[in-house]
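Notes for the structure review
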Amino acid sequence: MIPAAFEYVRPSTVDEALRALADGGEDAKILAGGQSLIPVMRLRLAAPSTVVDLTRVSELRGVREDGDALVIGAMTTHSDVVSDPLIAQHAPLIAQATETVADRQVRHRGTFGGALAHADPAGDLPAVALALDAEFVLAGAGGRRTVPAREFFVDYLTTALAEDEILVEVRVPKLAGQWGMHYEKFNRVAQAWSIVAVAAAVRREDGHIAEARIGLTNMGPTPLRATATEQALAGATAGADAIAGAAAHAAEGTAPSDDLNAKADYREHLARVLTRRAVTAAAGIQG
Amino acid sequence: MTAVEDRPATAGPAKEVGQARRRKEDARLITGKTTWTDNLVLPGMLHLAVVRSPFAHAKILAVDVEAARSAPNVVAVLTGQDFKEEQGSIPCAWPVTPDMVNPGHPSVAVEEVNHVGEAVAVIVARSKAAAQDAVELVDVDYHPLPVVVDMERATGANPDLCHDHLDTNESFRWIFDAGEAGTGQNTDEAFAAADVVVRRRFVQQRLIPAFMEPRATVVQPQGDGYTMWSSTQVPHILRIMLAMITGVPEHKLRVIAPDVGGGFGGKLQVTPEEVLTLLVARKLGKPVKWTETRSESLMSAHHGRDQIQHIEIAADREGNVKGLKVHLLADMGAYLRLVSPGVPILGAFMFPGIYKFPAYRFDCQGVFTNKTPTDAYRGAGRPEATFAIERIMDELAVELDMDPLELRRKNWIGAQEFPFTTVAGLEYDSGDYDEATRQALELLGYDELRAEQQRRRETNDPVQLGIGFSTFTEMCGLAPSRVLGSHPYGAGGWEHASIRMLPTGKVEVVTGSTPHGQGHETAWSQLVADELGVPFEDVEVLHGDTAISARGLDTYGSRSLVVGGAAVVNAAQKVVAKARTVAAHLLEASEEDLQFEGGTFSVRGTPGTGVSIQELALATFAAHNFPEGVEPSLDADATFDPVNFSFPHGTHVCAMEVDTETGRVSIRKYACVDDVGKIVNPLIVEGQVHGGLAQGIAQALYEEAVYDADGNLTTGTFVDYLVPSAADLPHFDTANTVHEAPGNPIGAKGVGEAGCIASTPAVVNAALDAVRHLGVSDILMPLTPERVWRAIHQGGDGGDRATAGTNAYGGAQTETTTGVSTPESSLGGDR
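Residues numbered from 1 in each chain as written. Chains lettered and ligands numbered in written order. Predicted model: local features only at pLDDT ≥ 70, side-chain atom pairs only at ≥ 80, totals over all residues. Heavy atoms only, no water.

Regarding the domain arrangement of chain A
Residues and elements named next belong to chain A.
- Split into domains, chain A comes out as domain 1 (7-53), domain 2 (63-172) and domain 3 (180-282).
- Computed over C-alpha atoms only, the centres of domain 1 and domain 2 are separated by 18 Å.
- Opposite the 10 residues of domain 1 that make contact, domain 2 presents 15 residues.
- Area buried by domain 1 at its contact with domain 2 is led by Leu18, Ala32 and Gln35, which between them contribute 45% of it.
- Inspection of the region where domain 1 meets domain 2 yields zero salt bridges.
- Between domain 1 and domain 2 we count one residue pair in polar contact (both at pLDDT 80 or more) in total.
- Here the element with the most residues in the side of domain 1 that touches domain 2 is helix 1 (residues 14-24); it accounts for four residues. (Domains from an automatic or database assignment. Contact = heavy atoms within 4.5 Å. Buried area = accessible area lost by both parts, 1.4 Å probe. Salt bridge = Lys/Arg side-chain N within 4 Å of Asp/Glu carboxyl O. Polar contact = N/O pair within 3.5 Å; in protein donor to acceptor, adjacent residues only side chain to side chain. Helix = DSSP H or I, 4+ residues; strand = E, 2+ residues; numbered from the N terminus.)

See the structure below:
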């Protein structure tokens, strides 16, 4: 289908982009790879008056270290994320989840920041960012502010980004200690969105699970933490029974929807099974 | 498999038939640098966009087109009122009963809409974008009417009506009774006398053909005639039908199917959009193009399958089958299209499968619902029949506590019994079901997998293993014209070919069987290269243009090689006969003394003399030295009308893993041995089998067109209508046995539909075999993980899916895919 007519701006700096966004008014929309925006525009679910294309804003690309944080530029493509050595070292969970996003073509155009700012509840990266306690750096006319992941995802396709703000980078804390990570995705065909997925990061200490962070994909209008499971795992023996017992709480506090892939009760069941599998894999024990 | 590109440097050229030639048409098809209809640009060409109904059933009270008409670059906005006198009805060429109810199918709705996506107005603009922008400016005032989506309710007591002007939702009732037809015993008596009767209700879900190239049509008025380019499987049928519908005389209408990117039956149609494009071009006198969006394609191009099947099988305790009863509800959708009613009837003869049933009764009701019309989709009737028989054989085996293969062996037709006339009155031509099965089991590694299945059961492994069979046959090579006439289909089933010998010795083959991706150009070149003894590269195959290929009945029903290829071979043999006369004259010998080998005529016993058929082409062109009274032409044509169908068969075996914790099923191994008769090109055959398997597996596991209670298609994008890719499918172990078809000069049986027909029940049987010990006896298709999980843990068949589309990326629904919002079509739930 053909999108409705729109103005197109392609700035080369963040400042230019912010001006273009301000000039574009309330119907302006940021294009950060276009793998979600273009389809919804073609279906005329979205009809922005102005599209601000960040593709040429080179300062938003790339991954760097900043003290005890990993800083991922918002316009870093999925394929760059997948092959980045710093991410592989400090946050392999991000690479593992990104590798499951859509297909190769989409991963070459789609971006890390674009996927997070779109905040699709079925998208894979929001739950990962939430599990890793990432921080979102937002630039606006009045300067920059940092929003923790727990506050960034507000509702269905809605984030803490104001209309005149741009997500510029995501800061992921480097995890200290013996961490294992795993992304367990459940979908029906290879390129499809997650029906449910679980992002798990587990720190082991002396045969115990010292700490677990678990993000849930598509178990509500926003990504969620499996808080009850995390609490049950803290200090637990790193064994199959303890993990299974803790995973039984994974669906607590979730609000999944019904659709043709899964009714809510089945999603809750999947959350429990997949959490058990994700934590088991992250903890590095035999399931 | 290695493609053979080089001719071995031996004395005589190797036979082309049997070589795994790479397809000569692929480079242009794959790169897209070819005549796809949407690539066509004509000077002054206007563009259409179709305004479609967001209601499944409503009266049209008013259509206000003023705002759209005054939009930038819009040339005209036309509605049902503008075309009601000239649009006629989309034709139904297969009135299966004399009293069949046909509500009439306007190309653009006039007073009533009967499914979501039905055309209500057409925008004509100077660009596609301008036309699309104006769609939402058309203001249609609808009065909603009750919506019929469920066939069982539609045929129950006091149903709502799909069509306001009809007093029934039943289009037809069609019965075949072997007892009455004299091809079998009385079915009721057979059932009454049987030890065991098993009854099941199976559901063939609605599918969408989902061809790769969306439909497109261009019409150019020229003088007092029209040329139409259309992405169609059936340019010849389309021309005749358009002439009948619109009154444009047949000889003033040229229809061209240029390169066409897939169809799977979905382009075996005379579409409303083709009619509208022609009517708009006629009204405005300008070239006009219509190209659909994927959303339009999914909701308005015809769908396939959609049957509720009540199957009853009778047997004795020893497992000898005694009778089969079939009662079908077949969903026609809102209207009858070209062969909508014929699809279940085509299946009627295949329910007995490869088994020797003494009694058989088939009873089918065609039902209207407020959904997109159904029509041919790869296999058309035969996959439905094959599924039913192969599933019920497994159920009978369970009831009798017999091995499912043992039960099949006991009842199938023996290799020595061909030709065999079945209880449905078909004469099966040739085959060896036992041998195909033996080879398939070996390919699969059957014994090891059975042992593993046992281990997994004993250890209560969360991942269970099952093995499923489908020992199938199908009727192909559509079709003997006389048989079609008796049913009564509106056309014959012959095919035409002509061969032109060009002066330089090159050869043009004109075929009436229009390809849309099958590889006709390569296969026909191989046939002709062998018949004429000319190089493969010297043969060009022309098709798809009614001005070039004057006669033809196009491509569907695995008919091209079996019927169209046969015509090509017969035409080539006529060329050789004509060339022989000229050769005899030039070599000053009698025709009887000539031998024809490797493309050269020579006098027997006189080495060194000889003239090639390519040299004879030049001699004929010059015609300076020609036999007296012989016309100077080597060209010939042939029309082949088969006397019988051909009957490919095979054994498909699927090994399936079922994760009992999540319900996910994944194919561990798939092996099949198909007998498609003589193989002209093994690479093409293997490709057809692979593609067919993908589509058959897709029905079992992935695809379903889902409608909600208001008649909205909620699988309106490929986010929700799940077409699997190579990443989702296993490696296929394929092989062939060869029993040539006696009914055509090639000996081929047809391969286009085999994989699609055979695979679906093998996959479902495999999944059930994995979990039957857990109390599961059926799971509805597609076998979504949720359904499998529910069947295992909650009993039943997995139940109905929620109808809402996924919320991913905004959840495209009717309001977006039709471009218009209604309260009924808006997003529900938490979105």
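Alright, that's what it looks like, and here's the rest.
Focus: the nonpolar core
- Phe351(B), Tyr360(B), Phe362(B) and Leu701(B) are the most contacted members of the largest nonpolar core, which has 151 residues in total.
- Here Phe351(B) is in contact with Gln309(B), Ile311(B), Leu324(B), Val326(B), Leu328(B), Tyr360(B), Phe362(B), Glu384(B), Ala385(B), Ala388(B) and Ile389(B), once residues within four sequence places are set aside. (Core = buried A, V, L, I, M, F, W, Y, C linked by side-chain atoms within 4.5 Å. Buried < 20%, exposed > 50% of the residue type's maximum accessible area, 1.4 Å probe, protein only.)

Some remarks on the sheet that holds strand 4 (residues 63-66) of chain A
All names here are of chain A.
- The five strands are arranged 4-5-10-6-7 in an open sheet whose pairing can be described as antiparallel. Each having just a single partner strand, strand 4 and strand 7 (143-148) make up the two edges of the open sheet. Looking at each pair of strands side by side, their axes are set apart by 25° on average, direction ignored.
- Across the face of the sheet, helix 1 comes into contact with strand 6 (135-140), strand 7 and strand 10 (166-173) while running at roughly 130° to strand 10. (Pairing = 2+ DSSP bridges. Axes fitted to C-alpha atoms, helices over the stretch in contact; angles between N-to-C directions.)

Let's talk about unusual backbone geometry
- Of note, the bond from Leu478(B) into Ala479(B) is cis; its omega dihedral lies within 30 degrees of zero at -5°.
- Mapping Ala479(B) onto the fold places it in the loop between strand 18 (463-473) and helix 16 (481-485).
- His487(B) connects to Pro488(B) through a cis peptide bond whose omega is -10°.
- Non-glycine residue Leu157(A) carries a positive phi angle of around 55°.
- Judged by its relative accessible area of 30%, Leu157(A) falls in the partly exposed class.
- Look at Ala210(B): it is not a glycine, yet its phi comes out positive at around 55°.
- Checked against the element boundaries, Ala210(B) lands in the loop between strand 8 (196-207) and strand 9 (216-222).

Describing the pattern of salt bridges
All names here are of chain B.
- With the rule as written, the count across this model stands at 73 salt bridges over all chains.
- Between arginine 254 and aspartate 545 there is a salt bridge, with its nearest N and O atoms 2.6 Å apart. Here arginine 254, found in strand 11 (residues 253-256), pairs with aspartate 545, found in the loop between strand 21 (539-543) and helix 18 (560-587); they are 291 residues apart in sequence, far enough to count as distant.
- Given the relative accessible area of 33%, arginine 254 is considered partly exposed.

Quick look at helix 8 (residues 235-246) of chain B
All names here are of chain B.
- Compared with an ideal rise of 1.5 Å per residue, which puts 12 residues at 16 Å, helix 8 spans 16 Å between its outermost C-alpha atoms and is within 8% of the ideal.
- Summarising burial for helix 8: 10 of the 12 residues are buried, a large majority.
- Buried within helix 8 are the following residues: Pro235, His236, Ile237, Leu238, Arg239, Met241, Leu242, Ala243, Ile245 and Thr246.
- Where the residues of helix 8 are buried, they touch strand 10 (225-230), strand 11 and helix 9 (272-284).
- Once helix 8 ends, the next one or two residues include glycine 247, with phi positive near 80°. (Expected span 1.5 Å × (residues − 1).)

Brief notes about the side chain of Arg171(A)
All names here are of chain A.
- Here arginine 171 shows up in strand 10.
- Side-chain polar atoms of arginine 171 contact the side chain of aspartate 66, separated by 3.1 Å.
- Every residue in contact with arginine 171, bar those within four places of it in the chain, is listed here: Asp66, Ala69, Leu70, Val71, Ala134, Glu135 and Val137.

A closer look at the interface of chain A and chain B
- Contacts between chain A and chain B engage 37 residues on the former and 49 residues on the latter.
- For the pair chain A and chain B, the summed buried surface comes to about 3,600 Å²; carbon and sulfur atoms form 56% of the total.
- For the chain A face of the interface with chain B, the top three residues by lost area are Met1(A), Arg188(A) and Leu260(A), together amounting to 22%.
- For the salt bridge of Asp265(A) with Arg790(B), the shortest nitrogen-to-oxygen distance reads 2.6 Å.
- Mapped by element, the contributors of at least two residues to the side of chain A that touches chain B are helix 2 (37-42) and helix 12 (264-282) of chain A.
- Per element, the largest residue contribution to the side of chain A that touches chain B is seven residues, and it comes from helix 12 of chain A.
- Looking at side-chain class alone, the side of chain A that touches chain B contains 21 nonpolar, seven polar and nine charged residues. (Nonpolar A, V, L, I, M, F, W, Y, C, P; charged D, E, K, R; others polar.)

Comments concerning the confidence of the model for chain B
- Counting all residues, the mean pLDDT for chain B is 95, and 96% of those residues have values of 70 or more.
- Considering only residues more than four positions removed or in separate chains, one finds that residues 1-11 of chain B, a stretch of pLDDT under 50, has 20 contacts. (pLDDT = per-residue confidence, 0-100.)

Digging into helix 1 of chain A
Residues and elements named next belong to chain A.
- Buried within helix 1 are the following residues: Val14, Ala17, Leu18, Ala20, Leu21 and Gly24. All buried residues of helix 1 lie within an arc of 160° about the axis, which places them on one face of the element. Turned more than 90 degrees from where helix 1 packs its buried face, Asp15, Arg19, Ala22 and Asp23 sit exposed.
- Its buried side turned inward, helix 1 meets strand 1 (7-9), strand 2 (28-31), strand 3 (50-53), strand 6, strand 7 and strand 10. (Arc of directions from axis to C-beta.)

Looking at the domain arrangement of chain B
All names here are of chain B.
- We note that the domain assignment places domain 1 (37-145 + 212-262 + 267-300), domain 2 (147-206 + 302-413), domain 3 (429-478 + 645-801) and domain 4 (494-640) within chain B.
- Computed over C-alpha atoms, the centres of domain 2 and domain 3 are 20 Å apart.
- Domain 2 puts 37 residues into the contact, and the matching count from domain 3 is 43 residues.
- Around 3,500 Å² of area is buried between domain 2 and domain 3 when both sides are counted, 57% of it from carbon and sulfur atoms.
- The three residues of domain 2 that bury the most area against domain 3 are Gln205, Arg378 and Arg382, which together make up 21% of that side's buried surface.
- The interface formed by domain 2 and domain 3 contains five salt bridges.
- Joining domain 2 to domain 3, the criterion identifies 24 residue pairs in polar contact (both at pLDDT 80 or more).
- Those elements that provide at least two residues to the side of domain 2 that touches domain 3 are strand 8, helix 12 (382-400) and helix 13 (404-411).
- The leading source of residues in the side of domain 2 that touches domain 3 is helix 12, at nine residues.
- Taken together, the residues that form the side of domain 2 that touches domain 3 break down as 17 nonpolar, seven polar and 13 charged.

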